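Inside the fold
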Amino acid sequence: WQKRWINSEYKADLGKFKLTAGKFYGDPVRDKGLQTSENSKFYAISSRFKPFSNKGKTLIIQYTVKHEQKIDCGGGYVKIFSSDLDQKNLRGDSHYYIMFGPDICGSETKKVHVILNYKNKPHPIKKPIRCKVDGYTHLYTLIIRPDQTYEVKIDNELVASGNLEDDLDFLPPRKINDPTVRKPADWDDRIQIDDPNDIKPEDWDEPEYIMDTSAEKPEGWDDAANGEWHYPMVKNPLYRGEWKPRQIDNPNYRGVWPHPQIDNPNYSPDSSIYSYENISIIGLDIWQVRAGTIFDNFLITDDEVYAEDFGDETWGETKGPEKEMNIKQTEEEQERERVTEEKYLEQRFKKKLERKKESGKVRAVRNTIEKEEL
C-alpha cells in the first residue's frame, strides 16, 4: 500500500498512517485499512489512478470509515482531485473537486459533508446529513448523476437525495422578488401587538440603583487624598426593569405578504454542474484530535448496482462478525475488571482482619501488664 499511497511532505510533523484491521474486526485480512495513528495531528495522503471524466456518466464515490476510538473531534471524509495535484504538497487549501464523508467535533458537529467545486469555488450541501458515531465500520456512498440529481447512502441505505441545483448554491435563484412591487401600506403582518388596555402600574418606576445609607464612612478615609466620601450605590430590590405592555393576538393580522416573483435575469442554467475532467486522485486530508480511524474499501465507479454489491460483499459480510467480536471483547474486559475488583476487595478484607487480630493481641498483652502492675 505504501507504493499506491503517497504521503504529503508539506509539513514535517504530519500524522502517520498504518495498515491494520484494528482492535476488533470481522476478518483480520479483509478488514485491514489505513488507520490514523497519532493524536492531535494533520494527515495528508493520496492515491493516483488513470484520469477520466464523468461527463455523461454517473459518478459514485464509496468507502468505509471506522471510528474505532469513538472519535471526539476529527474528519473522516475523502477528497477527489484532478490529475495536476502535487501529491507531495497535498494540504488543506489544495484545490479539490469533491469532498465527501463524515466529520465529527463535539456534541454539535456530527455531519456528512457533500461539497462540490463549481467554477473554482466549493459549494456545501444545504441539507443536514447526520453521520454514524457508534465506533463500528460504516459504508458511505455518494452518487452524482448526469441529470444533476444526487444520492447519499450510509450502509447502503438512502439518507439524502435531491437536485444539485436546488440543494447547493451553484447558480443564482431562478426566481426573485419583483423589485417594482411593494407591500401595501395597509398590510398588517404583525402576529401579536401591544394590549391597548394594559396600563403601567403607578408604582412601577423605581431606579435600578439606590444609595446604601446604612454604610459608614471608613475611619481612615482622607477627603484630601481620596475626595469627598459618598454613600455607595447598591441594586434596588424594588427595581422591575423597563415596563412593557402584554402582548395579544393581532385581530388585523393578514399573514405573510406574498411578494410577487419574476424570472431572475441573472439566472442562466448549466447542465454540466455535475461533471469534472481529469478525475485522477483520491486523498485523505484531515485533522484528528484522537487518532484511530480506519479507512478501507475505496471505490470509484459509474455502476450503481456494482457499488451496492461491492458494499454488501465487503462491509456487508464483515459488519456482523465485527460487532460480535467487539461485544465479546467488552464482556471479557468487564469480567477482568470484576475479577480485579473482587481481588482488591478480598485483599482489603484480609488486611482488615489482620489488623483486628494484631490489635486484639496488643489489647491482651496490655491487660496482662495492667493486672501485674495492680
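Everything numeric in this text was worked out from a predicted model, so none of it was measured. (Residues numbered from 1 in each chain as written. Predicted model: local features only at pLDDT ≥ 70, side-chain atom pairs only at ≥ 80, totals over all residues. Heavy atoms only, no water.)

**What to know about a negative patch on the surface**
- There is a patch of like negative charges on the surface, built from Asp302, Asp303, Asp309, Asp312 and Glu313.
- Within the secondary structure, Asp309 sits in helix α3 (residues 304-313).
- Looking at Asp309, the relative accessible area reads 36%, which means it is partly exposed. (Patch = residues over 30% accessible without salt bridge, like charges linked within 9 Å, V, L, I, M, F, W, Y side chains within 5 Å. Areas by Shrake-Rupley, 256 points an atom, 1.4 Å probe, with all protein chains shown as cover. Salt bridge = Lys/Arg side-chain N within 4 Å of Asp/Glu carboxyl O. Lys, Arg positive; Asp, Glu negative; His and termini not counted. Charge placed at Lys NZ, Arg CZ, Asp CG, Glu CD. Helix = DSSP H or I, 4+ residues; strand = E, 2+ residues; numbered from the N terminus. Buried < 20%, exposed > 50% of the residue type's maximum accessible area, 1.4 Å probe, protein only.)

**Digging into the side chain of Ser8**
- Topologically, Ser8 is positioned in the loop between β1 (5-7) and β2 (17-20).
- Residues in contact with Ser8, not counting those within four places in the same chain, are Leu14, Ala44, Gln87, Lys88, Asn89 and Leu90. (Contact = heavy atoms within 4.5 Å.)

**Some remarks on the packing of aromatic side chains**
- As enumerated under the stated definition, the model contains 13 aromatic pairs in all.
- Relative to Phe298, the ring of Trp5 has its centre 5.2 Å away and its plane inclined at 50°; by these criteria the two rings are tilted. Linking Trp5 in strand β1 with Phe298 in strand β21 (residues 293-301), this pair joins segments that are 293 residues apart in sequence.
- Judged by relative accessible area, Phe298 falls into the partly exposed class, the value being 24%.
- Here the aromatic rings of Trp229 and Tyr231 are separated by 5.3 Å at their centres, their planes lie at 65°, and the arrangement is edge-to-face.
- Among the aromatic residues, those joined into a cluster by ring pairs are Trp5, Tyr63, Phe100, Tyr140, Phe295 and Phe298.
- Directly above the ring of Phe24 sits Lys66, whose terminal nitrogen or CZ lies 4.1 Å from the centroid. (Phe/Tyr/Trp six-rings, centres within 6.5 Å; stacked < 30°, edge-to-face > 60°. Lys NZ or Arg CZ within 6 Å of the ring centre and 35° of its normal.)

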